[in-house]
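Chain and residue survey
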Amino acid sequence: MDMSSPKSRQELEAELACLRSRLHEYEARHAVELETGEAFLRTLSGIDHCQERLRAKDSALCEAQHGLQIALRRYTNLFNHSPIGYFLIDARGFLREANRLGAELLKTLPESLVGKPFVSFLEPEARPAFELHLQNVAAGNSSQIELMLKPAGGALMPIILQTSLMEGEEESVFGPLCLAAALDIQSRKEAERELAERTEQLARSNEDLERFAYVISHDLQEPLRNISNYVQMLARRYKGRLDEDADIFIGFVTEGVARLSNMIRDLLSFSRIGTQTQKIEMIDSGEALKDALANLEAAANEAGAEIHIEAMPPVLADRAQLVSLFQNLLGNALKYRHPQRKPQIRVAAKAVGKHWLFSVSDNGIGIEARQFERLFTLFQRIDPHGNIPGSGIGLAVCKRIVERHGGAIWVESTAGQGSIFHFTLEASP
Ligand code: ADP
């Protein structure tokens, strides 16, 4: 216990001033340490924050890695189970990877073909073509080639190889990587061969049939002419001299022979189109039309027909066949006229692209839409027992002529009102 006398006010103030100055001194001495401590605390909280962000990034990376693993598995599955054989080939032509089917095509395992030149699996004649193909791809063009595989111990196998540069791949020392997709076309080739064989057989049998039809229709004319002459002689000489039935029978025979001879004449003109060589040249279709009209003059006058012809163009055609085409269409327009009106026929042509579209329209009896298809088939008549004579060959002749000229023919019609037959012909070579 301080037993000394109480300190005076001045003493106390001096002591306080001394304490203050010592405090300032202390503060000044430790200011640096205090600041360092605060900075340390701030750094610690920064580290915490960074750690937090790193943890978030880490989990995003884990997720991305998981996604990548799934994508890789999916890619591997697709690659290996693809129905197309895939090969990764470097610019020198060496195999770097193949999927299962690719390895199967080369009759080996995916791992054992790595590093082997692709040409060693090709038949020798195909090698230069493949090398060119690869050069073309390495230059940046995707390219397709048909090749014959000849794997060791395996049979020859045709493939189509579609090759392009691998996108997004870093170039190795051997240049860019190429992805080649190989499709086995063995069955397609066999089907093509079979089809070609069948088409050839069909063409041959078609030719035989045509020649047969031509010979038959040609050779039948002579005996038929004889029958016709003798029947007419019989009719002239014995009409009224035998009994009534004999006259009727002779009439039937005369009619039948006339029908038969018309049919044979039409059949002959049909088979001629296929057997005779065409003389295709630039001709005036108006001239061909005039010839057809001259041949039909008597029938047109008898029917009192009004025939209107528009400007006719030059076309690339066989003149005799074009006359026959017009004659069949105009003949039908006269033959199938409406019983209650005079035939009005119009022939016109207009340019459609590289073709001329011709139309022959009439105001005749017309045709029901369901009959349109069969009209152009040989021996198809709409009303075979009707009273209009015919053999059902005329429109088949028209179709054959137009198709042999590379055109098409079709009909538009309304039953009871009239028909329009359209056909196309090439305008220039
Ligand atoms: P054909 O006249 O000898 O019977 P086509 O092949 O020329 O043989 O014609 C086939 C059928 O098409 C004919 O029976 C007829 O019914 C129908 N036809 C053809 N042209 C016309 C036409 N202009 N108007 C109505 N019907 C037609």
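Note that the structure is a prediction, hence the values are computed from the model and not measured.

With respect to spatial proximity, 20 residues lie near the ligand, and among them N332, Y336, R381, S391 and L395 are the closest. Taking D362, its side chain carries an N or O atom lying 2.9 Å from a nitrogen atom of the ligand. At a separation of 2.9 Å, an oxygen atom of the ligand approaches a polar backbone atom of S391. Across the complex, the protein chains shield 96% of the 530 Å² of accessible surface that the ligand would expose by itself. Taken together, the elements giving at least two residues each to the shell around the ligand come down to helix 8 (319–335), helix 9 (394–404) and strand 12 (418–426). Here the shell around the ligand gets three residues from one element, more than from any other, and that element is helix 8.

So, on to unusual backbone geometry. Unlike most non-glycine residues, K107 shows phi in positive territory, near 55°. Structurally, the position occupied by K107 is in the loop between helix 2 (100–105) and helix 3 (127–138).

Turning our eyes to something else, we now look at the domain arrangement of the chain. Taken as a whole, the chain is organised into domain 1 (30–81), domain 2 (83–184), domain 3 (193–276) and domain 4 (279–426). Each of domain 1 and domain 4 was reduced to a C-alpha centroid, and the two centroids are 86 Å apart.

What follows concerns helix 3. Look at helix 3: 16 Å from first C-alpha to last across 12 residues, which is about the 16 Å you get at 1.5 Å a residue. Two residues or fewer after helix 3 comes G140, characterised by a positive phi angle close to 105°.

As a further point, take the sheet that holds strand 7 (residues 306–309). With respect to topology, five strands assemble into an open sheet ordered 7-9-10-12-11, the strand pairing being mixed. Both outer strands of the open sheet, strand 7 and strand 11 (409–414), are each paired with one neighbouring strand and no more. The mean inter-strand angle of the sheet, taken between neighbouring strand axes irrespective of direction, is 15°. Direction of pairing for strand 10 (residues 355–362) relative to strand 12: antiparallel, over a ladder of eight bridges.

Moving on, we come to the sheet that holds strand 2 (residues 95–98). If you trace the five strands from one edge of the open sheet to the other, you get 2-1-5-4-3, paired in antiparallel fashion. Strand pairing shows two members of the sheet lacking a second neighbour, strand 2 and strand 3 (143–149), which therefore form its edges. Here the average twist between neighbouring strands, direction ignored, is 30°. Pairing geometry for strand 4 (residues 157–165) and strand 5 (residues 177–184), over seven bridges, is antiparallel. From the neighbouring strand, S164 faces strand 5, where its bridge partner is L179. Together, strand 1 (85–90), strand 3, strand 4 and strand 5 form the strand contacts of helix 3, whose direction differs from that of strand 3 by roughly 155°.

Reading the values: rules and limits
Every chain begins its residue count from 1, and numbering advances along the sequence as written. Only residues with pLDDT of at least 70 are given local features in this predicted model, and only at 80 or more are side-chain atom pairs given and counted; all residues enter the totals for whole chains, interfaces and linings. Think of the side-chain values as coming from all heavy atoms in the structure, minus any hydrogens and water. Think of it this way: one heavy atom of a residue within 4 Å of a molecule or strand is enough to make that residue near it. Polar contact is the term for a pair of N or O atoms within 3.5 Å; when the atoms are in protein, one must be able to donate a hydrogen and the other to accept it, and sequence-neighboring residues count only if both atoms are side-chain atoms. Reported accessibility uses the Shrake-Rupley method at a 1.4 Å probe radius. Residues are deemed covered only where the shown protein chains occlude them. Numbering goes from the N terminus for both helices and strands, where a helix is a DSSP run of H or I of at least four residues and a strand is a run of E of at least two. Domain ranges listed in this record stem from an automatic or a database domain assignment. A helix is expected to span 1.5 Å multiplied by its residue count minus one. Only strands that DSSP links by at least two bridges are regarded as paired with each other. Between N-to-C directions, angles span 0 to 180 degrees; the directions come from axes that are lines fitted to C-alpha atoms, helices contributing only their stretch in contact. Whether two residues are in contact is decided by their heavy atoms: any pair within 4.5 Å suffices.

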